[in-house]
Amino acid sequence: DNSTLVLCLDVGFSMSNSATGQEPPFQQAKKVIQKFVQRQVFAENKDELGLVLFGSDNTKNNLAKDDQYQNISVHRHLMIPNFELLEEIQNDVQPGSQQADWLDALVVCMDLLQNETLGKKYERLNIVMLTDLNTPSSPDQLDIIIGNLKRAGITLQFFLPFPVDGGGSNPPHGGKALSREQQQGLEMTKKVMMSLDEEDVTGVCNPDLSVFKRVEKRPMAWPCTLTIGSSLSIKIVGYKAVCEERPRKSWSVVDAQTHQKDDIKRDVVYCLNDDEETEVQKDDTIQGYRYGSDIVPFSKVDQDQMKYKTDGKSFAVLGFTKQSMINRHQFVGTQVLKVFAPKDDEHAGVALSGLIRALDDLKMVAVVRYVYARNGNPQVGAAFPCIKEKYECLVYVQLPFMEDLRQYSFPSLENNKKYTPSEDQLSAVDSLIDSMMLVEEDGEKKDLFKTVPGSYHIPNPQYQRLFQCLHHRAVNPSVPLPPMDPWLTTALQRPLAVATRCQAPLETLKKKFPLKEVVKKKELKTSKELFGNSLGTGISTSLAVWERVGLHSSLGTGSSASLAVWERVGLHSSLGTGRSTF
Amino acid sequence: PEMWNVLVARLLHASMAQWNDYHHEDEDVDGEERDESGVDYTSTGRDSLVFLVDASKEMFIKGEDEEPSPFDMTMQCVRSVYTSKIISSDKDLVALVFYGTEQSKNPRNSFKHVYIYHDLDLPGARRVQDVDGLRGEKGAQVAGETMGSGNTNLGEALWCCSNLYSDIKLRLSHKRLMIFTCRDTPHGGDGERDRQARTKASDLKETGVVIDLMHLMKPGGFDVSLFFCDVVSPPEDEAELGLQMEPCGKLEDLQKRVRAKEMKKRSVARLNLCLGEGMNVAVGVYITALQARKPNAIKLYRDNNEPVRTKTRLYHTQTGSLLLPSDTKRVQVYAGRQIVMEKDEVDVIKKFSDPGLELIGFKPMERLKLHHHLRSAVFIYPEEEMVTGSACVFTALLRRCSERNVFALCKYTRIRNSPPRFLALVPQKEEVDDGQAQIVAPGFHGIFLPYADDIRTLDTPQLPTASESQVDKMKEIVHKLRFKYRSDAFENPVLQQHYRNLEALALDLMAPEHIEDLTMPNVNMMDQRLGSLAQEFRDLVYPADYNPEGKTAPKRKPAEAAGGTEKKPKVEMSEDELRGHVQKGNLGKLTVPVLKDACKQFGVKVTGTKKQELIDALTAQLTK
């Protein structure tokens, strides 16, 4: 399942030109590359990666001969990306003073791929071009190149520093008009992409420049059988379709001086709840559970014997119900599954299609018992029909058990005269909504803000920030952490167009709805006032206090005397964290 | 002494904060605090609930059609509250008190005709069993024998209850008292006793006790206005029509009504919903569906079955000295490089903005897709007590969003160092049933939207689709197996079994009570309903020789493997080849067996078997 990729970066002199106030295309492209390599490094992706610069002052490639393929430099051969590469990109990849034909560079990349992947099997071969297309390029060999790309199964992606939707001849909105070379280059790229059946020509000025099209791992298949009663079965395969993606690594604790993990040992001791805190051996402890006020000894062995057991994988239909009976806000669990028939089983495909289409026509869902594996806990969930142009599937989401629900009731709002908004106020809200619609419908639908894949989508900012900081610290160990990437800050905010549009309606809204913060006396005492500014000095407190704290915090429902202390402390610490009670 | 207290509190607080930091590190390693369950009970005090149940003769009269008596219904309700408290809020205190009894039982027996069955305490197995003993025909008999029915003096009963609250040493955050009765004039027109009861009730209410009436069906109807309207707490807001509610005739209704009141709403956060600069509306964030899990086991001392405490400490391996959190740093290793950060840095990286909800804009409802689901949704309701005027803006927003069929897109930061998530705020208008009880609460549901990283690309199989006749046959099947889904219809068999087991052990029962596993399909009933339909559908979609139950088609093995099971011949790697891999940093591309062989071949000693360890060892050897 390997794929390999060559980054082909234009470092020619035109890449350093930019309209005033704008970042030169070279810097933008360099950032894209850094982000991408960073991502590969942190994903510990084993895919090899090469870097080819063109427009460079030097020439270093296999094809260079006489005056052919000049100013094209293979900066890095196919290798697994690492921090050295990141450092090189940061320090050594600089704008050049030359120019080179981007088609020539493409050929060098193809040659590199061909030579260095010889005899190995690859799932995907990719070339990513980052250029402003500002060099004259000879289109005479275009068809041959396209043919070779196709034959070698190489996919191509372009990152251009201008929007491509306006077409070659129209000046892009806001920017300079394209040069003749650029117009010609754009026509050629389009031709290449069209004939390769690729959609990806991306303008680098997109806010998502740093979110490279990700080369993903193949999701895990979950083969199972869908059953309806005892005599109707359909073979299926489930895949996780939506799930909170987390970084694979976590922080480990090391000694502050030596930075060695082995210098630290974590030690757990057990002790009785008496005044002496008598230590007892782990072997002298048994397992138990609380059952309300009771404490019930319950050994692991007994527990395993008595616990609820399933007979393995299951995707059993319990019945069918109207889609409207399922409240989406009651979805629980942390994933969405998509369920297909096995790839090579057309009979299962037809049977499942029958179910999907029947459910879709009737606006119903299957309520299903789902068990992942023999030792998994059973779930009850809904399997919704999903019919797309290219495929059909069931979409499975877990539903709550009775124990999971909290049926709160809240005071009525609509029937409360105090809160009833006037017509005037309602129309102020209306204008706010009008001005803040994120989906514009002028002829074509355009979504200004998307968190999920689409033309503008937001990657999880937590990890973008984490990797930005890890990258920084890895390459510059003694420098403080950098501020957040501006693009990330911007991506998380109200789109500028909307922010501007809603100014006036917002002002009206403020006038129509008086709001007044209620200040309660209790709140006036902040933790600072209570404890002074010396919160931090507690670090030097002695072992005695250290242990006593352990005592209090581990008290669940211990003796009531110390419990009182615990609660008082709890109160204060809740003030300290700013989660004070109102 | 006050100074001393402040000092102790300060010390404890300061070091506590550290201890907590340190302690939580284990769970916090993936950088994500356990987001939404974060209700801090210890800091807010306990919830308490007193069941004050009428034990007069009228309560024992069975309804028409063998409906259980009001007393029986009440006991079933009390039982289900007990068990649900044990499962979902095991720190709450509950009491069961009867009034209108013949016998009296209270601390000093100073209150006549008041029988404290259960003191205000945590419910446990024994108590559940006790309440079970009061259920049904036999239970009525037991009640008659132990307590009997006698005079009614609600004032005395309420006074007795107020003592229950004041005798508790713990801090109580929420105090509720529920009166279960089917008599609208408990004192039969005795004005003095009525007056006394009203006075006691208002005393209780003054100390923060909320009094609810769970009135049960009685012939001729229950007239709240005769007496009880002055006893119970005023509704939470003027518009709540609490008292016009019809009396409960069915157990299900009673349970629903009790459940809605019995659980104190707790917000996981109270924050500002910022509509724009200078326009902050205060809201509370609530959880309405969250997976209940089996609680963690605790460790007990073998000799006395008492819980032991665990202390975790950090030692320096070389010096043996105790380490404070400040003596440590955090690292992650990527591509062979160790990256070091301070604990504070690790925390601050997660900070994006202050806690709050920030309005980004609005989108039509159809933009919210079914698969936009990552975790349980939150519920958003205004907090008028924090910012006056919030409820009005909120109501206006809710109404217009609902009418225009749009959702509000918000950025949500729950606590200081929690990274932002985007929420789709979906409007929900209030709905009430015929009895004016709320079925659906007014407010916004906050649906967590996935980020681009959270969506996986799948290779979708290209398969033939079903024909109209096949689809039609399936429609018949779907029709036959229709049912009305209710979200509270399924109990979690794993949890139920666990608690039955504990119950059995606590009560020394021979075997745990049998649980009915509602997640199992009722295959017999389904087959019966389907009749020949299943066979007909199979005939339509499957060829005769196709077995849909069989193991998934065996993977077509490559031809050469058909001969035998011999392993791939070992490929010896030349040293040059290996050095090439090391130089290029490509060792990671080799498989673990190949790496192991290489280690053997070049006499590299490795302690571990992890891939990275093998790579590190080889690299070290070959770059010497």
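Residues numbered from 1 in each chain as written. Chains lettered and ligands numbered in written order. Predicted model: local features only at pLDDT ≥ 70, side-chain atom pairs only at ≥ 80, totals over all residues. Heavy atoms only, no water.

An unreviewed UniProt entry annotates chain B as DNA helicase of Oncorhynchus mykiss. For chain B, the Subcellular location (unreviewed entry) comment in UniProt is given as "Nucleus". Regarding chain B, the UniProt comment filed under Sequence similarities (unreviewed entry) reads as follows: "Belongs to the ku70 family." (UniProt positions renumbered as here; feature names shortened; annotations may be inferred.)

The name recorded for chain A in an unreviewed UniProt entry is X-ray repair complementing defective repair in Chinese hamster cells 5, from Oncorhynchus mykiss. Database annotation for chain A, UniProt heading Sequence similarities (unreviewed entry): "Belongs to the ku80 family." In its Subcellular location (unreviewed entry) section, the UniProt entry covering chain A states "Nucleus".

Draft legend 1. Quick look at the pairing of strand β8 (residues 232-243) of chain A. Residue and element names in this part refer to chain A. For β8, the tally of buried residues reaches 11 of 12 residues, placing the bulk of the element in the interior. By the bridge criterion, 7 bridges tie strand β7 (residues 222-228) to β8 in an arrangement that is antiparallel. Residue pairing for β8: W222 is matched across the bridge by G238. Here β7 folds back onto β8 in antiparallel fashion, the turn holding 3 residues, of which G229 has a positive phi close to 65 degrees. Pairing of β8 with strand β15 (residues 332-340), which is carried by 6 bridges, proceeds in the antiparallel orientation. Across the sheet, K240 pairs through a bridge with L337, a residue of β15. (Buried < 20%, exposed > 50% of the residue type's maximum accessible area, 1.4 Å probe, protein only. Helix = DSSP H or I, 4+ residues; strand = E, 2+ residues; numbered from the N terminus. Pairing = 2+ DSSP bridges.)

Draft legend 2. Region of the structure containing the environment of W251 of chain A. Residues and elements named next belong to chain A. Counting through the fold element by element, W251 comes out in the loop between β8 and β9 (252-255). Accessibility expressed as a relative area gives 12% for W251, which makes it buried. Along the backbone, W251 and M436 are 185 residues apart, and their C-alpha atoms lie at a distance of 40 Å.

Draft legend 3. View of the sheet that holds strand β12 (residues 285-291) of chain A. Strand order in the open sheet formed by 3 strands is β13(A)-β12(A)-β8(B), and the pairing between neighbours is antiparallel. Unpaired on one side and paired on the other, β13 (294-297) of chain A together with β8 (298-301) of chain B mark the two borders of the sheet. Each strand of the sheet is rotated relative to its neighbour by a mean of 50 degrees, with strand direction disregarded. Summarising the sheet, β12 of chain A and β13 of chain A pair through 4 bridges and their orientation is antiparallel. Its bridge partner being in β13 of chain A, R290 of chain A is matched across the sheet by I295 of chain A. Strand contacts of helix α13 (residues 493-506) of chain B: β12 and β13 of chain A, with the helix running at about 105 degrees to β12 of chain A, the strand carrying the most contacts. (Axes fitted to C-alpha atoms, helices over the stretch in contact; angles between N-to-C directions. Contact = heavy atoms within 4.5 Å.)

Draft legend 4. Up close: unusual backbone geometry. Residues and elements named next belong to chain A. Positioned with a positive phi, Y69 is a non-glycine residue whose angle comes to about 50 degrees. Inspection of the secondary structure puts Y69 in the loop between β2 (49-54) and β3 (72-79). Under the relative-accessibility criterion, Y69 is labelled buried at 16%. Unlike most non-glycine residues, H259 shows phi in positive territory, near 60 degrees. When you line up the elements, H259 lands in the loop between β9 and β10 (264-271).

Draft legend 5. Molecular detail of the sheet that holds strand β13 (residues 378-382) of chain B. Residue and element names in this part refer to chain B. Strands sit in the order β6-β7-β13-β19-β16-β15-β12 around a closed barrel of 7 strands; the barrel is mixed. Between one strand axis and the next, the sheet turns by 40 degrees as a mean value, whatever way the strands run. Running at roughly 70 degrees to strand β19 (residues 443-449), helix α11 (residues 390-404) makes contact with β6 (267-276), β7 (279-287), β12 (356-364), β13, β15 (406-413), β16 (421-428) and β19 of the sheet.

Draft legend 6. Here's a closer look at the packing of aromatic side chains. The final tally for this structure, using the stated rule, is 35 aromatic pairs over all chains. Judged by centre distance (5.0 Å) and plane angle (45 degrees), the ring pair of W222 of chain A and Y370 of chain A falls under tilted. Of this pair, W222 of chain A sits in strand β7 while Y370 of chain A sits in strand β16 (residues 364-371), placing them 148 residues apart in sequence. Here the two residues W222 of chain A and Y370 of chain A agree in accessibility, since each one is buried. Residues F98 of chain B and Y117 of chain B carry aromatic rings whose centres are separated by 5.6 Å and whose planes lie at 85 degrees to one another, so their mutual orientation is edge-to-face. Taken together, the residues span a long stretch of sequence, with F98 of chain B in strand β2 (residues 93-99) and Y117 of chain B in strand β3 (residues 114-121) at a distance of 19 residues. Here F98 of chain B and Y117 of chain B have matching classes, each one buried. Ring pairs connect the aromatic residues Y408 and F410 of chain A together with Y286, F379, Y381, F394 and F444 of chain B, which therefore count as one cluster. One cation-aromatic arrangement involves K249 of chain A over Y334 of chain B; the distance from NZ or CZ to the ring centre is 4.6 Å. Its end group placed over the ring of F448 of chain B, R375 of chain B keeps NZ or CZ at 4.6 Å from the ring centre. (Phe/Tyr/Trp six-rings, centres within 6.5 Å; stacked < 30°, edge-to-face > 60°. Lys NZ or Arg CZ within 6 Å of the ring centre and 35° of its normal.)

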